Amino acid sequence: MSNLELDSAMLSRLLTSLTLGFHIIFATLGVGVPLLISLAEWIGIKRNDPYYTLLARRWARGFVVTVAVGVVTGTAIGLQLSLLWPNFMQLAGQVISLPLFLETFAFFFEAIFLGIYLYTWDRFKKPIYHWLISIPVVIGSTLSAVFISTVNAFMNSPQGFDMVDGVLTNIQPLAAMFNPATPTKVGHVVMSAYLTSAIVLAAITAFHMLKGKRSTYYRKALKLTMTAGFIFAIGTAVIGDFSGKYLAEYQPSKLAAAEWHFETSENADLVVGGFLDDETNEVKYGLVLPNFLSILAHGDPNAEVMGLDQVPEDEVPPLYIHYLFDGMVGIGMFLAALTFFFVIALRLKRFNTENKWFLRLIVLAGPLSVLAIEFGWIFSEVGRQPWILWDIMRTGHAATSANGVGWMFVLFLLLYIVLGTLCVTVLRKMFKTNPAENELEEIARRK
Amino acid sequence: MDIQLLGITVLWVFLYGYLITASIDFGAGFFAYYGELTGRDHIINKIISRYLSPVWEVTNVFFVFFFVGLVGFFPDTAYYYGTALLVPGSIAIILLAIRGSFYAFGNYGAKKSRVYTFLYGVTGLLIPASLSTALTLSEGGFIEEVNGEVKFLAGELFSSFYSWSVVLLAIVSVLFISAAFLTYYASRAKDEPALELLRKYALFWSAPTILSSILVFVALQQHNSVHFERTLDYAWFFIASLFCFLIATYLIFQRKRYGTAFIFVMLQFFFAFFGYGISHLPWILYDHITIYSGYTNETTGVYLVIAFIAGLCLLVPSLVLLMRLFLFDAEYVKGNKS
């Protein structure tokens with residue numbers, strides 16, 4: 001991406017990034033929060049513990065607001081795929097439109113049951129019936145992430161067709177969906193969505209606790225979210241590692257650019273951070289982990305890792321993705337460590353899990369986890385450049401030829417600012433006017 | 001029936017579903033705002049907010065199913081319509097976004113501000129107007145392909161009599177469909193003041209609906225005489241539509257059987273919409289794409305049709321279930337259960 005003109009293609013990139021960058025926050029929470037709600041309600045029923053049930057109820061209320069914004073921004077990107085990238089959709093649509101359709105299907109499945117879930121809290125004789133309705137919500141939200149990730153995987157690792165004189169033939173939609181990138185992409189997206197949702201909910205809980213609210217309600221919320229977060233953090237890290245190995249085998253130039261690995265070599269070192277000298281391609285002030293790149297790429301410290309020397313110059317993605325990759329992994333490690341310490345502290349009564357500094361770190365973890373999601377996605381998308389469809393179609397050739405993208409960018413920017421602000425305002429108001437304390441009193445009274 | 005025809009038919013069913021459910025939603029928003037302006041809001045707004053809460057997201061899915069399915073089944077539509085609809089499409093998205101989230105914020109966020117009801121009401125009319133441009137474009141004459149680049153002739157669209165007649169029809173239909181449904185809903189809720197008011201609205205918008213339909217035919221003959229000739233071949237669709245309209249209006253006028261009346265309104269639009277669609281064939285975009293030229297490959301096509309039909313099988317019962325749980329649950333309707 002060496003030319004920075006604001007042509008239609010560049011503007012299309014910017015608008016797509018804007019929409020996706022905003023949408024992904026709500027989509028990520030949309031995938032993970034239902035699982036936590038379901039867990040909370042389940043525990044509440046099994047242990048006959050009204051605190052957990054209240055947790056599920058309150059989380060569900062806030063969730064609805066984020067789903068609304070997720071739906072409208074999701075509709076936006078769904079249409080913008082065709083509005084901004086008509087050439088891409090004309091081509092790729094022939095192969096990968098099935099999972100695009102299925103994503104909506106899964107989301108709809110989730111939405112129907114979410115509606116029923118929200119409006120039937122006290123309508124069943126046995127509470128377990130209500131909990132059963134949460135299951136299709138979780139399945140729907142997870143599946144929609146799965147399907148949409150297969151589309152992104154396809155863009156990175158296209159297969160399931162033959163290209164004969166610029167025409168697609170012998171199309172196999174299922175092979176296209178289940179391409180080499182799919183397992184790691186789907187796994188990592190889903191797992192990191194679960195992780196981020198758990199951490200965000202934990203952060204909100206910790207925030208309340210720092211303000212002095214220490215009732216059992218908050219303690220249980222923290223325990224649930226941080227414990228779940230620990231499991232998801234490990235899962236995310238493991239699948240992240242597999243993703244690195246996938247990249248090494250199928251998209252080595254993406255990995256090489258991310259790691260600033262210029263020369264193909266064995267015993268490749270991993271460099272964290274640092275500054276790149278444009279002329280000499282030397283990295284200054286980076287933290288060097290010897291042989292670690294070989295281990296990440298192939299599981300063997302002596303393995304050979306392909307460098308950028310093997311990549312044609314016009315196919316090298318922007319090198320700033322190095323910082324995005326390091327940022328994402330760094331935050332991931334932080335989250336894993338934080339949740340790990342929490343779980344340990346729970347076991348060993350010596351350590352106070354409500355220590356002020358610890359709670360502050362948890363609060364910080366909330367926005368950091370969302371930042372990691374952004375870093376990860378931007379890394380993945382920019383790292384795929386100059387391709388919109390790996391090795392087949394360049395992003396520049398896929399963009400619309402219509403005028404007006406610049407104006408649309410301004411309009412959508414304004415829209416997202418308004419939506420984001422309103423979302424936060426509404427959520428704050430919703431919970432301020434009806435703090436958990438009110439409902440907790442009810443519970444205490446009933447006991 | 002070949003697969004292309006099957007595919008476009010299912011997609012058309014999605015669009016019809018969107019037409020009905022969204023019209024109810026859009027019109028209701030407008031009536032709510034109008035009610036606030038004329039000081040009658042306490043009468044109808046209660047009814048309106050009860051209906052809208054569980055169903056609005058479902059409405060959106062009909063729309064998304066349609067355009068995702070259209071692009072998947074006929075990928076060339078992405079190329080032509082995608083390019084041409086950049087501005088009108090983006091504006092429609094923004095309006096939908098404003099409406100969708102303001103709705104959620106307003107109802108779940110407690111505060112009912114004037115700004116919100118204004119936007120909610122106004123988008124209810126602007127969205128059908130902007131979305132109708134897609135159908136207008138399909139008649140041809142507004143898109144040009146020059147040197148492999150697609151050009152959208154905006155000037156032509158804005159100065160076209162046909163284009164404006166379609167916008168008028170869209171707006172008027174939304175108000176009529178919505179009023180007819182809400183009349184029925186008010187009668188179920190036994191809310192007499194609301195019923196009286198909404199019945200008046202329904203009758204008020206009935207005549208303009210038919211008149212603007214006639215206007216559209218006149219304009220179509222001028223704009224795309226080929227399509228117009230074909231509508232004459234399928235005249236019985238439109239006659240059936242008129243017939244249903246007359247029955248529906250008669251029932252509402254006689255204060256009888258509002259539910260049946262609404263069914264006939266649905267049928268009125270069913271016949272008109274499918275009559276329009278079938279006479280439009282084989283063109284998806286006049287003079288550029290037919291359902292045969294723009295069709296994806298066989299394998300993807302088959303998978304998609306299976307997915308579409310499965311989608312329909314999920315969508316329709318879900319809608320019925322939601323209707324049962326909320327709309328037709330007597331206690332919920334009368335406001336006794338939340």
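Everything quoted here is computed from the prediction, not taken from an experiment. (Residues numbered from 1 in each chain as written. Chains lettered and ligands numbered in written order. Predicted model: local features only at pLDDT ≥ 70, side-chain atom pairs only at ≥ 80, totals over all residues.)

**Focus on the environment of Leu270 of chain A**
All names here are of chain A.
Reasoning step 1: Inspection of the secondary structure puts Leu270 in strand E4 (residues 270-272).
Reasoning step 2: Look at Leu270 and you get buried, because 22 C-beta atoms sit within 10 Å.
Reasoning step 3: Linking Leu270 and Thr421, residues 151 residues apart in sequence, is a C-alpha distance of 40 Å.
Reasoning step 4: When near neighbours in sequence (up to four residues on either side) are disregarded, Leu270 contacts Glu259, Leu289, Phe292, Leu293 and Leu296. (Helix = DSSP H or I, 4+ residues; strand = E, 2+ residues; numbered from the N terminus. Buried ≥ 20, exposed ≤ 12 C-beta atoms within 10 Å, placed from the backbone. Contact = placed C-beta atoms within 7 Å.)

**Concerning the packing of helix H1 (residues 8-46) of chain A against helix H11 (residues 356-383) of chain A**
Residues and elements named next belong to chain A.
Reasoning step 1: At their nearest, the axes of H1 and H11 sit 10 Å apart, and the two run at 130° to each other. Taken together, H1 and H11 sit at an angle that is classed as oblique. Handedness of the H1/H11 crossing: right-handed. Contacts between H1 and H11 pair Leu20, Gly21, Ile24, Ile25 and Thr28 from the former with Val370, Ile373, Glu374 and Trp377 from the latter.
Reasoning step 2: Grouping the amino acids of the contact of H1 with H11 by side-chain chemistry returns 6 nonpolar, 2 polar and 1 charged. (Axes fitted to C-alpha atoms, helices over the stretch in contact; angles between N-to-C directions. Parallel < 35°, antiparallel > 145°, perpendicular 65-115°, else oblique. Left-handed = near helix turned anticlockwise from the far one by under 90°. Nonpolar A, V, L, I, M, F, W, Y, C, P; charged D, E, K, R; others polar.)

**As for the interface of chain B and chain A**
Reasoning step 1: Between chain B and chain A, the contact holds 51 residues from the first and 51 residues from the second.
Reasoning step 2: Breaking the side of chain B that touches chain A down by element, the ones donating at least two residues are helix H2 (41-73), helix H3 (76-84), helix H4 (86-108), strand E2 (149-152) and helix H12 (298-327) of chain B.
Reasoning step 3: Per-element tally for the side of chain B that touches chain A: the top contributor is H4 of chain B, with 13 residues.
Reasoning step 4: Classifying every residue of the side of chain B that touches chain A gives 32 nonpolar, 16 polar and 3 charged.

**Notes on the packing of helix H7 (residues 161-188) of chain B against helix H8 (residues 192-223) of chain B**
Residues and elements named next belong to chain B.
Reasoning step 1: Where H7 meets H8, the closest approach of the two axes is 7 Å, and the angle between their N-to-C directions is 155°. Judged on the interaxial angle alone, H8 and H7 are roughly antiparallel. Classified by chirality, the crossing of H8 by H7 is left-handed.
Reasoning step 2: For the contact of H7 with H8, the class distribution of residues is 23 nonpolar, 10 polar and 1 charged.

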